[in-house]
Amino acid sequence: MHKITLIPGDGIGPEVTGSTVKILEAAGFKVEWEVVNAGSEVFEKTGVLVPDEVFQSIERNKIALKGPIATPIGKGFRSINVQLRKKYDLYSNIREVKNIPGVKSKYENVDLVIFRENTEGLYIGIEEMQDEDTAVAKKVVTRKGSMRIAKSAFEYAVQQGKTKVAAVHKANILKLADGLFLDCVREVAKDYPNIELSEVIVDNMCMQMVMNPSQFEVIVAPNLYGDLLSDLAAGLVGGLGLVPGANIGNDIAIFEAVHGSAPDIAGKDLANPIAVLLCAVHMMKFLGDFDRAELVFRAIIEVMEDGKHLTRDMGGNATTTEITQAIIDKINHIK
Ligand code: NAD
């Protein structure tokens, strides 16, 4: 029995995480959810964005499934996602990007994973105005940060039976910072002689991913390039609503969809639960329950292929409740 922290979040969060909980139960995944909440709605009631019990629960269980959280607009609020990443040193941001049969997209045979360094690079947020007309932002790349993200990417490649890792950089211009990142990836690659390493300059990478995305299996990138490429990759397979994400450190892992709280459709039973559900599939694999992960993934694919219960964003007119039930019915049928 796994004990997992569940943070439903704001807007459509409770609907899509609620759908996921029901589907995992139908699949027979053995879990005890510890439900705690954070976000705008919690803030309105309590004046605190992330109550202590959320941190305590994550620290106790070491693993969390998180719905989208709306950071209140206004000065002084740091993004909760950035806070969690920093606090728990969640240095690998992993995005699995794969075609889902039945979902219209511009490309076929996309099956790639991006490992984005999540804690350094340009996103450390150290900026200053040197004078009135000159802004400077610092980019920090460390050996430790680069080695561990490279190791995560290669380990994943081995575990998942992949054969290639592409390292993304701009070391031709940023010789020290990206140069160090690239050196670290090369060093790690020596321990994985069966995995082929390619080195791709980030501008070329953008073009290659648009021209022929199926040439890539695992991509490892510093923070900024990884961020941009992750959204580009989501666009290859049908958009953000279909792509899961994970933030993983040495001790703690937080799985969350890439999309936001969608206030325009919140509470209307219109949200697409697939992205959060795919997060849960990734989470089950992470926990070693490959059978349940495969069962849920297969049920998703079959419902998509049938095309009868797609939510509005996927071109259908099913409600969240209807697509959830359709996936549960498929699971029961496959079992
Ligand atoms: P959004 O992703 O919430 O919505 C963008 C558009 O996509 C909307 O039209 C929405 O209806 C649609 N959409 C998103 N997810 C969908 C789903 N599952 N099913 C169907 N349609 C979906 O982005 P936004 O409007 O820029 O942000 C809204 C709020 O979410 C903001 O407060 C933002 O801070 C927050 N946000 C949180 C996260 C997170 O917690 N990981 C990520 C992004 C944005």
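Residues numbered from 1 in each chain as written. Predicted model: local features only at pLDDT ≥ 70, side-chain atom pairs only at ≥ 80, totals over all residues. Heavy atoms only, no water.

> Would you explain the overall build of the protein chain in this entry?
A tally of helices and strands in the protein chain yields 11 helices and 12 strands. The globule rule puts the C-alpha radius of gyration for 335 residues at 20 Å, and the 20 Å found for the protein chain is close to it. Along the first, second and third principal axes, the C-alpha atoms of the protein chain reach 55 × 50 × 40 Å. Counting the 335 residues in the protein chain, one finds 53% classified as buried. In the protein chain, the share of contacts with a sequence separation of at least 24, taken over all contacts with a separation of at least 6, comes to 73%. When the accessible surface of the protein chain is split by element, carbon and sulfur atoms take 51% of a total near 15600 Å². Between the centroid of the 37 positive side chains of the protein chain and the centroid of its 45 negative side chains there is a distance of 2 Å. (Helix = DSSP H or I, 4+ residues; strand = E, 2+ residues; numbered from the N terminus. Rg over C-alpha atoms; globule rule 2.2 N^0.38 Å. Buried < 20%, exposed > 50% of the residue type's maximum accessible area, 1.4 Å probe, protein only. Contact = heavy atoms within 4.5 Å. Areas by Shrake-Rupley, 256 points an atom, 1.4 Å probe, with all protein chains shown as cover. Lys, Arg positive; Asp, Glu negative; His and termini not counted. Charge placed at Lys NZ, Arg CZ, Asp CG, Glu CD.)

> Just to check I follow, could you spell out the pairing of strand E10 (residues 218-221) for this structure?
In the case of a regular strand, side chains alternate between the two sheet surfaces. Going residue by residue along E10, you find Val218 and Val220 tucked away on one face and Ile219 and Ala221 tucked away on the opposite face as well. As defined by bridge partners, strand E5 (residues 111-117) adjoins E10 across 4 bridges and the pair is classed as parallel. Residue pairing across strands places arginine 116 opposite alanine 221, the latter belonging to E10. Examined bridge by bridge, strand E8 (residues 164-169) and E10 share 3 bridges and lie parallel to one another. (Pairing = 2+ DSSP bridges.)

> Would you mind showing me how to read the packing of helix H3 (residues 52-61) against helix H4 (residues 80-87) here?
Packed helices, taken two at a time, are described by their axes: the angle between them and the distance between them. Where H3 contacts H4, the axes come no closer than 13 Å and their chain directions differ by 45 degrees. Looking at the two axes, H3 sits oblique to H4. Where H3 crosses over H4, the two elements pack in a sense that is right-handed. Here Phe55, Ile58 and Glu59 of H3 come into contact with H4, specifically with Gln83, Leu84 and Lys87. Taken together, the residues of the contact of H3 with H4 break down into 3 nonpolar, 1 polar and 2 charged. (Axes fitted to C-alpha atoms, helices over the stretch in contact; angles between N-to-C directions. Parallel < 35°, antiparallel > 145°, perpendicular 65-115°, else oblique. Left-handed = near helix turned anticlockwise from the far one by under 90°. Nonpolar A, V, L, I, M, F, W, Y, C, P; charged D, E, K, R; others polar.)

> Even after reading the chapter, I still don't get the site of the ligand, so can you show me in this structure?
Residues in contact with the ligand amount to 20 residues; listed here are only the nearest, Ile69, Gly260, Ala262, Asp264 and Asn272. In the model, an oxygen atom of the ligand is placed 2.9 Å from a nitrogen or oxygen of the aspartate 264 side chain. For the ligand, a nitrogen atom lies 2.9 Å from a polar atom in the backbone of asparagine 272. Considering the ligand on its own, with 820 Å² of exposed area, one finds that the protein chains cover 63% of that surface. Split into classes, the residues belonging to the shell around the ligand amount to 10 nonpolar, 6 polar and 4 charged. (Near = heavy atom within 4 Å. Polar contact = N/O pair within 3.5 Å; in protein donor to acceptor, adjacent residues only side chain to side chain.)

> Can you walk me through helix H10 (residues 290-306) in this structure?
Owing to its 3.6 residues per turn, the α-helix brings residues three or four apart onto one side. Its 17 residues place the ends of H10 24 Å apart at the C-alpha level, agreeing with the 24 Å of an ideal helix rising 1.5 Å per residue. For H10, the full list of buried residues reads Ala293, Leu295, Val296, Phe297, Ala299, Ile300, Ile301, Val303 and Met304. Residues of H10 that are buried sit in contact with helix H1 (13-27), strand E4 (92-98), helix H9 (274-286) and helix H11 (320-334). A positive phi of about 70 degrees marks glycine 307, the residue just after H10. (Expected span 1.5 Å × (residues − 1).)

> Would you mind going over the pattern of salt bridges with me for this structure?
If charged atoms from side chains of opposite charge come close, those side chains can pair. Evaluated as defined, the whole model comprises 17 salt bridges. Here glutamate 187 and arginine 143 are joined by a salt bridge, their closest N and O atoms 3.7 Å apart. Placement of glutamate 187 in helix H6 (residues 177-189) and of arginine 143 in helix H5 (residues 143-159) is noted, with a sequence separation of 44 residues between them. With a closest N to O distance of 3.3 Å, arginine 292 and aspartate 289 form a salt bridge. Since its relative accessible area comes to 15%, aspartate 289 is described here as buried. (Salt bridge = Lys/Arg side-chain N within 4 Å of Asp/Glu carboxyl O.)

> Looking at this model, I keep getting lost on the side chain of asparagine 272. Mind explaining?
Within the secondary structure, asparagine 272 sits in the loop between strand E12 (253-257) and H9. In terms of polar contacts, asparagine 272 uses its side chain to reach the side chain of aspartate 313, at 2.9 Å. If sequence neighbours within four positions are ignored, asparagine 272 has contacts with Val16, Gly241, Leu242, His259, Thr311, Asp313 and Met314.

> What exactly am I supposed to notice about the packing of H5 against H6 here?
Between H5 and H6, the least distance of the axes is 8 Å, while the angle of their chain directions is 45 degrees. When the axes of H5 and H6 are compared, the pair comes out oblique. As for the relative orientation of H5 and H6, their crossing is right-handed in sense. Along its contact with H5, which presents Arg143, Ser146, Met147, Ile149, Ala150, Lys151 and Phe154, the element H6 presents Leu180, Phe181, Cys184, Val185, Glu187, Val188 and Ala189. Its residues placed into classes, the contact of H5 with H6 shows 10 nonpolar, 1 polar and 3 charged.

> Is there a simple way to explain the environment of lysine 190 in this structure?
Structurally, the position occupied by lysine 190 is in the loop between H6 and strand E9 (196-201). With relative accessibility at 67%, the residue lysine 190 sits in the exposed group. Once the C-alpha coordinates of lysine 190 and isoleucine 254 are considered, the two residues, 64 residues apart in sequence, prove to be 30 Å apart.

> I'm lost on the packing of aromatic side chains in this one. Help?
Each aromatic ring pair is characterised by the separation of its centres together with the angle its planes make. Using the criterion set out here, one finds 3 aromatic pairs in the structure. Its guanidinium or amino end placed over the ring of phenylalanine 55, lysine 87 lies 4.8 Å from that ring's centre, counting from NZ or CZ. (Phe/Tyr/Trp six-rings, centres within 6.5 Å; stacked < 30°, edge-to-face > 60°. Lys NZ or Arg CZ within 6 Å of the ring centre and 35° of its normal.)

> Can you help me understand the nonpolar core in this one?
Burial of nonpolar side chains together is a common tendency in soluble globular proteins. Counting 76 residues, the largest nonpolar core has Ile274 and Ile327 as its most contacted members. It is H9 that contributes the most residues to this core, 10 residues altogether. Once residues within four sequence positions are removed from consideration, isoleucine 327 is found in contact with Ile23, Ile274, Leu277, Ala299, Ile300 and Val303. Counting residues in each nonpolar core, the second largest holds 21 residues, with Val97, Val202, Phe216 and Ala221 among its members. (Core = buried A, V, L, I, M, F, W, Y, C linked by side-chain atoms within 4.5 Å.)

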